[in-house]
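The chain contents come next:
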Amino acid sequence: MIIDVSDLSDPRLDDFLRLTDVALRKKLDSERGLYLAEGEKVIRRALEAGHTPRAAVMTRRWVDTFAQMFNDHVPLFVLPDQLLEELTGFRIHRGAIASMNRPELAGPEEFLADLGDARRIFVLESLTDHTNVGAIFRSAAALGVDAVLATDHCADPLYRRAIKVSMGTVFQIPWTRIPNWPQSIATLREHGWITASLALSHNAVSLDEFAALNEVRSGKVAFVLGTEGDGLAARTISTTDYAVTIPMRAGVDSLNVAAASAVAAWALR
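### Description of the packing of aromatic side chains
Centre-to-centre distance and the angle between the planes together describe a pair of aromatic rings.
Step number 1: The full count for this structure, using the stated rule, is four aromatic pairs.
Step number 2: Here the aromatic rings of Phe210 and Tyr242 are separated by 5.2 Å at their centres, their planes lie at 65 degrees, and the arrangement is edge-to-face. Of this pair, Phe210 sits in helix 9 (residues 207-212) while Tyr242 sits in strand 12 (residues 242-245), placing them 32 residues apart in sequence.
Step number 3: Here Phe210 falls in the buried class, since its relative accessible area comes to 0%.
Step number 4: Aromatic ring contacts, followed pair by pair, group Phe210, Phe223 and Tyr242 into a single cluster.

### Structural notes on empty space enclosed by the protein
Step number 1: Overall, the coordinates contain one cavity of 30 Å³ or more when judged by the stated rule.
Step number 2: Here the largest cavity defines a volume of roughly 30 Å³.
Step number 3: Lining the largest cavity, in full, are Arg120, Ile121, Phe122, Val145, Phe223, Ala264, Ala265 and Leu268.
Step number 4: At the level of elements, strand 6 (120-124) and helix 12 (257-267) are the ones that each hand at least two residues to the lining of the largest cavity.
Step number 5: Here the element with the most residues in the lining of the largest cavity is strand 6; it accounts for three residues.
Step number 6: Here the lining of the largest cavity is composed, by residue class, of seven nonpolar, no polar and one charged.

### Re the sheet that holds strand 3 (residues 53-58)
Step number 1: Spatially, 1-4-3-5-2 is the arrangement adopted by the five strands of the open sheet, whose pairing is mixed. With one partner strand each, in any of the chains shown, strand 1 (2-4) and strand 2 (34-38) form the two edges of the open sheet. Taking the axes of each pair of neighbouring strands and ignoring which way they run, one obtains an average angle of 20 degrees across the sheet.
Step number 2: Strand direction decides the pairing type here: strand 1 and strand 4 (residues 76-78), joined by three bridges, are parallel.

### Concerning the layout of surface pockets
Step number 1: Estimates place the volume of the largest pocket at around 430 Å³.
Step number 2: Put simply, the parts of the chain that give the lining of the largest pocket at least two residues each are strand 12 and helix 12.
Step number 3: Looking at side-chain class alone, the lining of the largest pocket contains 12 nonpolar, seven polar and three charged residues.
Step number 4: Computed from the structure, the second largest pocket encloses a volume of approximately 220 Å³.

### Describing the confidence of the model for the protein chain
Step number 1: Here the protein chain shows a mean pLDDT of 89. Residues at 70 or above account for 93%.
Step number 2: Element-level pLDDT for the protein chain is lowest in helix 1 (residues 21-25), with a mean of 56, against a maximum mean of 98 in strand 6.

### Quick look at the pattern of salt bridges
Step number 1: On inspection of all chains with the given rule, the structure shows nine salt bridges.
Step number 2: Residue Lys164 is joined to Glu38 by a salt bridge in which the shortest nitrogen-to-oxygen separation is 4.0 Å. In this pair, Lys164 is assigned in helix 7 (residues 160-166) and Glu38 in strand 2, connecting sequence segments 126 residues apart.
Step number 3: For Arg189, the salt bridge is made with Asp241, and the minimal N-O distance between the two is 2.9 Å. With Arg189 in helix 8 (residues 185-190) and Asp241 in the loop between helix 11 (234-239) and strand 12, the pair connects residues that are 52 residues apart, well separated along the chain.
Step number 4: Judged by relative accessible area, Arg189 falls into the partly exposed class, the value being 36%.
Step number 5: One network of salt bridges, in which partners are shared, links Glu38, Arg160 and Lys164.

About the cut-offs
Counting of residues starts from 1 at the beginning of each chain's written sequence and follows it residue by residue. For a predicted model such as this one, the threshold for reporting local features is a pLDDT of at least 70, and the threshold for listing and counting side-chain atom pairs is 80 or more; totals across whole chains, interfaces and linings nevertheless cover every residue. To obtain the side-chain values, all non-hydrogen atoms of the structure were included, while hydrogens and water were left out. Geometry of aromatic contacts follows a simple scheme: Phe, Tyr and Trp rings, the Trp one being its six-membered ring, pair when their centres are within 6.5 Å, and the pair is stacked under 30 degrees between planes, edge-to-face over 60, tilted otherwise. Each helix is a run of DSSP H or I of at least 4 residues and each strand a run of E of at least 2, with the numbering of both proceeding from the N terminus. Each residue gets one of three labels from its accessible area relative to the maximum for its type: buried under 20%, exposed over 50%, partly exposed in between, using a 1.4 Å probe on protein chains only. For cavity detection a 1 Å grid was placed over the protein atoms alone, and a set of points counts as a cavity when a 1.4 Å probe fits there but cannot get out; an open set counts as a pocket when protein lies on both sides within 12 Å along at least five of seven lines, with lining residues being those that have an atom within 4 Å of a point. Grid points are joined across faces, edges and corners, and a volume is the space filled by probe spheres set on the points. Asp, Glu, Lys and Arg are counted as charged, while Ala, Val, Leu, Ile, Met, Phe, Trp, Tyr, Cys and Pro are counted as nonpolar; the rest, among them Gly, fall into the polar class. Strand pairing is assigned whenever DSSP identifies at least 2 bridges connecting the two strands. Every angle, taken between N-to-C directions, lies between 0 and 180 degrees, and every axis is a line fitted to C-alpha atoms, over only the stretch in contact when it is a helix. pLDDT measures the predictor's confidence residue by residue and takes values from 0 up to 100. Whenever a carboxyl oxygen of Asp or Glu lies within 4 Å of a side-chain nitrogen of Lys or Arg, that contact is scored as a salt bridge.

This is the structure in structure tokens:
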């Protein structure tokens, strides 16, 4: 349903009108709030994942591209370029933004039980940077990680920046929240997962050594990645089955968490 709009006071644009990600999550007319997906590839992946669209905004030149992606019941609001930039607060380079209903997240027990033949997952402990979260999802998708668990205080994978950086792979990689961390490491063990903290620790084994272990080669590994700056909590490191480190050279002690996730995923592929 294509609708030309020339007035930003139109209430039908409320999903897009300078709302922060926090405001979108709390939007009262949607059970779990909303998120925004930007660009053709990202929107397409969200739709393929079964997420429900509410509306989209775009300029005239993108109408033909996006009209075929949505059914006739979804309003596609068409605005002049300048007005669209004023509406969203930034220049849209990838054609359109769609507002989507947030899906319901499975509980960790149900989530782990449904992973089937999955053998590699990431656990994100209290990451605060949405760019890092998005980059980790992209590495996970590219390098064969089957799922992601985010602790309670981890940044939201469905924030616009995280979605954009991930190139929409947040919709391809199964994920959910795992509360009561790090006590819930026990839940991972109960479901047969070997837990490994990626951390600088005096008793850490190198990533090469860890990847060569028979139980790792044949088993299921949950790799825990820590917050930017401080890294993993000491209790997390002491509770997981292994502490693992990536060997460094030239006086560098560690990598950015997103880069480290890619190295770990490659080593365990």
